[in-house]
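Each chain, letter by letter, is given below.
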Amino acid sequence: MTEPAAGGPTPVRILVCDDHVVVRAGLLALLDSAPGIEVVGEAGTGEEALALSARLAPDVVLMDLQLGAGIDGVETTRRLTTGAGTTGAPTTGTGRSPHVLVLTTYDTDADITRAIEAGATGYLLKAERPEELFAAIHAAAQGRTALSGPVAGRVMANLRRPRPALTDRERDILAQLATGLGNREIARALFISEATVKTHLRRIYDKLGVDTRAGAVAVAKEQRLLP
């Protein structure tokens, strides 16, 4: 691990979370050569990242989104940035929460929105050059936003895009969806059939450009379509 030069600035302490052992080893080797960066730990699951973060207090957690079994990178990010523990419940500790820098191969609107909503400071793609990754880590440690060029382009395009025109019924269903209700519960709450709910959901997905319930809720929150 890189040692700070005598009298130099304190290195950024970083925890790497990726479920692929080979990818993780490559990142560790790469970061070991980076100036001003010290890897203090590595995790292969979200639960492990939460436990190590609580013990090691890194400045930045480098987070993959897809982590196999267990909680995914988005939920891990949310728990890290809100100070929640491995159970998801708020903790009473007073320690500083780390900044989370997402490093992933996924760049869909839904993935980006969910990660940012969860509290990620930055969002990078694994195709970035090492120098860009190093700069993003230092930026994240200071609480500054760091986005890959393609990701920044998608964010700006979404901001410029007119809000989708949802019907009143679609808004009602989306609001119920945001509370975590399933199709059957939504149908009962709104006094409509489950088939009608499914039809409206397909239209909502098409209008929001997503294909999952979580993605629909994330985009709706981002575009302030929910009350």
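Attention in this report is confined to the structure presented alongside it. (Residues numbered from 1 in each chain as written. Predicted model: local features only at pLDDT ≥ 70, side-chain atom pairs only at ≥ 80, totals over all residues. Heavy atoms only, no water.)

It is worth spelling out the side chain of arginine 24 at this point. Here arginine 24 shows up in helix H1 (residues 21-32). For arginine 24, a relative accessible area of 12% corresponds to the buried category. One polar contact links the side chain of arginine 24 to the main-chain carbonyl oxygen of aspartate 18, over a distance of 2.6 Å. Residues in contact with arginine 24, not counting those within four places in the same chain, are Val16, Asp18, Asp19, Glu42, Ala43 and Gly44. (Helix = DSSP H or I, 4+ residues; strand = E, 2+ residues; numbered from the N terminus. Buried < 20%, exposed > 50% of the residue type's maximum accessible area, 1.4 Å probe, protein only. Polar contact = N/O pair within 3.5 Å; in protein donor to acceptor, adjacent residues only side chain to side chain. Contact = heavy atoms within 4.5 Å.)

Each pocket or cavity is described by its volume, and for the second largest pocket that value is around 250 Å³. Taken together, 13 residues form the lining of the second largest pocket, with Val74, Arg114, Glu117, Ala218 and Lys221 sitting closest to its centre. Counting residues per element, the ones that place at least two in the lining of the second largest pocket are helix H3 (73-82), helix H4 (109-117), helix H7 (168-178) and helix H10 (213-222). Top contributing element to the lining of the second largest pocket by residue count: H10, with four residues. Its residues assigned to classes, the lining of the second largest pocket shows seven nonpolar, one polar and five charged. (1 Å grid on protein atoms, 1.4 Å probe; cavity = no way out; pocket = protein on both sides within 12 Å on 5 of 7 lines; lining within 4 Å. Points joined across faces, edges and corners; volume = space filled by probe spheres on them. Nonpolar A, V, L, I, M, F, W, Y, C, P; charged D, E, K, R; others polar.)

This part is about the packing of H7 against helix H8 (residues 183-190). Relative orientation of the contacting elements H7 and H8 amounts to 125°, with a least axis distance of 10 Å. With respect to each other, H7 and H8 are oriented oblique. In the crossing of H7 with H8, the sense of the turn from one axis to the other is right-handed. Residues Arg169, Asp172, Ile173, Gln176 and Leu177 of H7 lie in contact with H8, whose contacting residues are Ile186, Ala189 and Leu190. Here the residues of the contact of H7 with H8 sort into five nonpolar, one polar and two charged. (Axes fitted to C-alpha atoms, helices over the stretch in contact; angles between N-to-C directions. Parallel < 35°, antiparallel > 145°, perpendicular 65-115°, else oblique. Left-handed = near helix turned anticlockwise from the far one by under 90°.)

Inspection of the secondary structure assignment puts alanine 43 in strand S2 (residues 37-43). For alanine 43, a relative accessible area of 0% puts it in the buried group. Those residues within four positions of alanine 43 in sequence are excluded, and the remaining contacts are Leu15, Val16, Cys17, Asp18, Arg24, Glu48, Ala49 and Leu52.

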